[in-house]
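Now for the letters of each chain:
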Amino acid sequence: MGVLDGKIVIVTGASSGIGAAIVRLMAAEGAAVVMAARRTDRMETLAVKLGAKALPVRTDVRKEEDIIALFDAAENRFGTPHVLVNCAGIADHTPTEKLSLDRWQEILATNLTSVFLCSREALRRMKPLKRGRIITIGSIASKMPKPDAIGYAATKAALHGMNHSIALDARPYGITSSIVHPGSTVSELLPDMPERPRSITMATEDVSRTVVFMASLPNETNVLEVVMLPIAQPYLGRG
């Protein structure tokens, strides 16, 4: 028996990194998992390993019609989702004075607008059932940004506020909203991440375990916000 037996979960950004790790652990704990990403080849490879409880759906989370189609596919295959995990996102390290408006809008669409669209659709589907969870992957950049990352920091900070707003609006309907702010984590967003020492870089499984714990809580309980990071990562304190 898994802690998520009988649960239906949608995970965006499911083709790699934290998203793929969440998919694997959710399925291992008994959930039916709907995977959303643009890279269908990776999702299909993962779905073959996970079996009948995994459904890959090609999704561009920046497009409203794709989001609606994603939720329709989930309901047609498994039923109304119990959990949405917003994990899709991109990183950017462009100096502020060199950041183009087109790139700025791309970052906002991918990191922020996509979460609004997915969360809005989840609320519409979950409200009649008087239960559900929305879990968003944020970043410690929302609290302590790095240089030359204004688009990334701005969107992650906005997600922090969005999470609180959704939690407040959804509370009367028994729906929870949570956000996880990971520190340095192995990812394809930065090419040197896999080579960083374990002491300063978390594995994707570290984050996925936290997300699964949050998803497995009783309906009456919520973890509103989590900050997790390698203990050696500079975050608190000053030199």
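Now for a quick tour of the structure. (Residues numbered from 1 in each chain as written. Predicted model: local features only at pLDDT ≥ 70, side-chain atom pairs only at ≥ 80, totals over all residues. Heavy atoms only, no water.)

### Some details on the overall build of the protein chain
Move 1: When its secondary structure is counted, the protein chain shows six helices and seven strands.
Move 2: Each helix (α) and strand (β) of the protein chain, taken in turn from the N terminus, gives the series β-α-β-α-β-α-β-α-β-α-β-α-β.
Move 3: Here the C-alpha radius of gyration of the protein chain, 17 Å, is about what a compact globule of 239 residues would show, namely 18 Å.
Move 4: When the backbone C-alpha atoms are referred to their principal axes, the protein chain occupies close to 50 × 35 × 35 Å.
Move 5: Every one of the 239 residues in the protein chain was classed for burial, and the buried ones make up 51%.
Move 6: With an accessible surface of roughly 11,300 Å², the protein chain has 56% of that area assigned to carbon and sulfur atoms.
Move 7: On the protein chain, the mean spot of the 28 positive side-chain charges and the mean spot of the 24 negative ones are 4 Å from each other. (Helix = DSSP H or I, 4+ residues; strand = E, 2+ residues; numbered from the N terminus. Rg over C-alpha atoms; globule rule 2.2 N^0.38 Å. Buried < 20%, exposed > 50% of the residue type's maximum accessible area, 1.4 Å probe, protein only. Areas by Shrake-Rupley, 256 points an atom, 1.4 Å probe, with all protein chains shown as cover. Lys, Arg positive; Asp, Glu negative; His and termini not counted. Charge placed at Lys NZ, Arg CZ, Asp CG, Glu CD.)

### Description of the environment of F78
Move 1: Residue placement: F78 occurs in the loop between α3 (64–77) and β4 (83–86).
Move 2: Assessed through its relative accessible area of 24%, F78 is described here as partly exposed.
Move 3: Along the primary structure F78 and A32 are separated by 46 residues, whereas in three dimensions their C-alpha atoms are 7.3 Å apart.
Move 4: Contact partners of F78, with chain neighbours within four places excluded, come to I8, A32, V33, V34, A52, K53, A54 and L55. (Contact = heavy atoms within 4.5 Å.)

### Some words on the nonpolar core
Move 1: The biggest cluster of nonpolar side chains holds 31 residues, and the ones touching the most others in it are M26, M35, V85 and V211.
Move 2: Counting only elements with at least two residues in this core, the list comes to β1 (8–12), α1 (17–28), β2 (32–37), α2 (40–50), β4, β5 (132–137), α6 (204–215) and β7 (225–228).
Move 3: Apart from residues no more than four positions distant in its own chain, M26 is found in contact with L4, V9, A31, V33, V85, V211, V212 and A215.
Move 4: Counting residues in each nonpolar core, the second largest holds 26 residues, with V34, V61, L123 and I166 among its members. (Core = buried A, V, L, I, M, F, W, Y, C linked by side-chain atoms within 4.5 Å.)

### Things to note about the packing of α3 against helix α4 (residues 101–126)
Move 1: In contact at an axis separation of 10 Å, α3 and α4 are set at 40° when each is read in the N-to-C sense. Overall, the two elements α3 and α4 adopt an arrangement that is oblique. The two elements α3 and α4 cross, and the hand of that crossing is right-handed. Contacts between α3 and α4 involve E64, I67, I68, F71, D72 and E75 from the former and L117, C118, R120, E121, A122 and R125 from the latter.
Move 2: Of the residues contributing to the contact of α3 with α4, the split by class is six nonpolar, no polar and six charged. (Axes fitted to C-alpha atoms, helices over the stretch in contact; angles between N-to-C directions. Parallel < 35°, antiparallel > 145°, perpendicular 65-115°, else oblique. Left-handed = near helix turned anticlockwise from the far one by under 90°. Nonpolar A, V, L, I, M, F, W, Y, C, P; charged D, E, K, R; others polar.)

### Quick notes on the side chain of T12
Move 1: Position of T12 among the secondary structure elements: in strand β1.
Move 2: Polar side-chain contacts of T12 include one of 3.1 Å to the backbone nitrogen of A88.
Move 3: Residue contacts for T12: discarding those within four places in its chain leaves A36, V61, V85, N86, C87, A88 and C118. (Polar contact = N/O pair within 3.5 Å; in protein donor to acceptor, adjacent residues only side chain to side chain.)

### Focus: the environment of V57
Move 1: Relative to the helices and strands, V57 resides in strand β3 (residues 54–58).
Move 2: Each C-alpha atom, one on V57 and one on G151, is 28 Å from the other, the two residues being 94 residues apart in sequence.

### Considerations on α6
Move 1: Here α6 is 12 residues long and its end C-alpha atoms lie 17 Å apart, about the 16 Å a rise of 1.5 Å per residue gives.
Move 2: When you tally the buried positions in α6, you get nine out of 12 residues, the bulk of the element.
Move 3: T204, D206, V207, S208, T210, V211, V212, M214 and A215 are the residues of α6 that are buried.
Move 4: Its buried side turned inward, α6 meets α1, β4, β5, β6 (175–182) and β7. (Expected span 1.5 Å × (residues − 1).)

### Side note on the pairing of β3
Move 1: Pairing between β2 and β3: five bridges, direction parallel. Across the sheet, M35 pairs through a bridge with P56, a residue of β3.
Move 2: Tracing the backbone out of β2, into α2 and back to the parallel element β3 gives a crossover that is right-handed. (Pairing = 2+ DSSP bridges. Right-handed = clockwise from strand over helix to strand, strands pointing away.)

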